[in-house]
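# Tertiary structure, described
Letter by letter, the chains look like this.
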Amino acid sequence: MDTAALITSETQDRVCIIRINRPEKKNALTAEMYEALIAAFTQAEADPQIRAMLITGSEIAFSAGNDIADFMANPPLDDSAPVMRLLRLLTELRKPMVAAVCGPAVGIGTTLLLHCDLVACGEQTSFAVPFVSLGLCAEGGSSLLLAQRVGAARANEWLLLGEPFDAHTAAGAGLVNIVLPNGKVFDHALAWAHKLASKPPQALLGTRELIRRASQSAARSTIAAEAALFKQLLKSEEAGEAFAAFVEKRKPDFSRF
Ligand code: COA
């Protein structure tokens, strides 16, 4: 697999644009792609020429979440697994991050947005955090950050029932800032990133840090607690049934558990 092409990174006038590029699998993420994302975010964070980051997919998909076949072949069972390292890294990045989201944003495709400062999404965007339905648990700090962002009622509904919700529901709840026609999402998000990149950097970084200060250490310990349960559940028969059902394109049957 050519991971260089699956995650691309380019700099445009002090903005680093990081793109997930696996359209045939709706931008589902494999371990190799998490490694490439870690490298891209780390380089952007370290590069003094870069003042803002933009994460995006395509107009077809933002991300269908973790690649389920890769979960089965290559389960992230320890803390050094790429997905675990990426989730921790997201709480450590200091530079502002904007997201341009179209199409499905599932699992980490939604929880990643909780670490972004501004999110623009397309009218046809569909969000979901179906971890429980997959025999797994919330990740990326979402068991804390989602309720902080959208309130406990919505977070319970989305995390426990796991059903998809649309762009206007996401905007109404405060998960995203703006809903636009698909063709306008990227340019709008890029304009935000350029605006951020033009601000006085110390004031911007300092204010961002203040905004996140109260929640960041709790987010880190939540991510650790989620990872501990997630690793356990990955080995469970419940998750095995959910993954097999996905691969076999059938409904899972949890009645025997
Ligand atoms: N892991 C592995 N493959 C995935 C995937 C995932 N998370 N999401 C999509 N794909 C694959 C599909 O199996 C399909 O592959 P195929 O063409 O070889 O059969 C291809 O990507 C296109 O997906 P498809 O389901 O046909 O697209 P869709 O537009 O009808 O639906 C989704 C898109 C994202 C709603 C649907 O694919 C889905 O629900 N995916 C699973 C999401 C998920 O549970 N993610 C894990 C969260 S932890």
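Details of the structure are given in the entry above.
## Structural notes on unusual backbone geometry
Despite not being glycine, D13 has its phi angle at roughly 45°, a positive value. Within the fold, D13 resides in the loop between strand 1 (7-12) and strand 2 (15-20). The phi torsion at N27 lies on the positive side, around 60°, for a residue other than glycine. Within the secondary structure, N27 sits in the loop between strand 2 and helix 2 (31-46).

## Describing the sheet that holds strand 8 (residues 165-166)
Here three strands make up an open sheet; going across it, the order is 5-7-8 and the pairing mixed. Since the sheet does not close on itself, it has two edges, and those belong to strand 5 (104-106) and strand 8, each with one partner. As paired elements, strand 7 (residues 126-128) and strand 8 share two bridges and run antiparallel to each other. Bridge pairing in strand 8 places S126 opposite D166.

## Some words on the nonpolar core
Membership of the largest hydrophobic core comes to 68 residues, with the highest contact counts inside it found for F41, I55, F127, L136 and L175. Looking at which element gives the most residues to this core, the answer is helix 2, with eight residues. Ignoring sequence-local partners within four residues, the contact set of L175 consists of T110, L114, V119, F127, L146, R149, V150, W158, F165 and A170. Ranked by size, the runner-up nonpolar core spans 18 residues in total, among them A100, A189, A193 and A197.

## Examining the sheet that holds strand 2
The strand order 1-2-3-4-6-9 describes an open sheet built from six strands, whose pairing is mixed. Whereas interior strands pair on both sides, the edge strands pair on one side only; in this sheet they are strand 1 and strand 9 (178-180). Put simply, the sheet's adjacent strands are angled 20° from each other on average, direction ignored. Both strand 2 and strand 3 (residues 52-56) contribute to a ladder of five bridges, which runs parallel. Bridging across to strand 3, I18 finds its partner in I55.

## Describing the site of the ligand
Looking at the ligand, there are 15 residues lining it, with K25, K26, A64, I68 and K249 nearest. In the complex, the protein chains occlude 63% of the 870 Å² of accessible area that the ligand would expose alone. Of the residues belonging to the shell around the ligand, the class tally is eight nonpolar, two polar and five charged.

## Observations regarding the side chain of E241
Note that E241 resides in helix 11 (residues 237-247). Only 2.8 Å separates the side chain of E241 from the side chain of R250, close enough to count as a polar contact. Once residues within four sequence positions are removed from consideration, E241 is found in contact with R250, K251, P252, D253, F254, R256 and F257.

## Thoughts on a nonpolar patch on the surface
Taken together, the side chains of M72, F246 and V247 make up a nonpolar region of the molecular surface, amounting to roughly 290 Å² of accessible area. Tracing the sequence through the fold places F246 in helix 11.

## Focus: the pattern of salt bridges
If you walk through the whole model with that rule in mind, you get eight salt bridges. Among the salt bridges present, the one from E209 reaches R94, with a minimum N-O distance of 3.1 Å. Of the two residues, E209 is situated in helix 10 (residues 201-234) and R94 in the loop between helix 4 (82-90) and strand 4 (97-101); the sequence distance between them amounts to 115 residues. Judged by relative accessible area, which is 45%, E209 ranks as partly exposed. One salt bridge connects E241 with R250, and the closest N-O pair in it is separated by 2.8 Å. For E241, a relative accessible area of 9% translates into the label buried. Salt bridges sharing partners connect three or more residues here, namely D117, R208 and R212.

Quick notes on the rules
- Residues numbered from 1 in each chain as written.
- Predicted model: local features only at pLDDT ≥ 70, side-chain atom pairs only at ≥ 80, totals over all residues.
- Heavy atoms only, no water.
- Helix = DSSP H or I, 4+ residues; strand = E, 2+ residues; numbered from the N terminus.
- Pairing = 2+ DSSP bridges.
- Core = buried A, V, L, I, M, F, W, Y, C linked by side-chain atoms within 4.5 Å.
- Buried < 20%, exposed > 50% of the residue type's maximum accessible area, 1.4 Å probe, protein only.
- Contact = heavy atoms within 4.5 Å.
- Axes fitted to C-alpha atoms, helices over the stretch in contact; angles between N-to-C directions.
- Near = heavy atom within 4 Å.
- Areas by Shrake-Rupley, 256 points an atom, 1.4 Å probe, with all protein chains shown as cover.
- Nonpolar A, V, L, I, M, F, W, Y, C, P; charged D, E, K, R; others polar.
- Polar contact = N/O pair within 3.5 Å; in protein donor to acceptor, adjacent residues only side chain to side chain.
- Patch = residues over 30% accessible without salt bridge, like charges linked within 9 Å, V, L, I, M, F, W, Y side chains within 5 Å.
- Salt bridge = Lys/Arg side-chain N within 4 Å of Asp/Glu carboxyl O.

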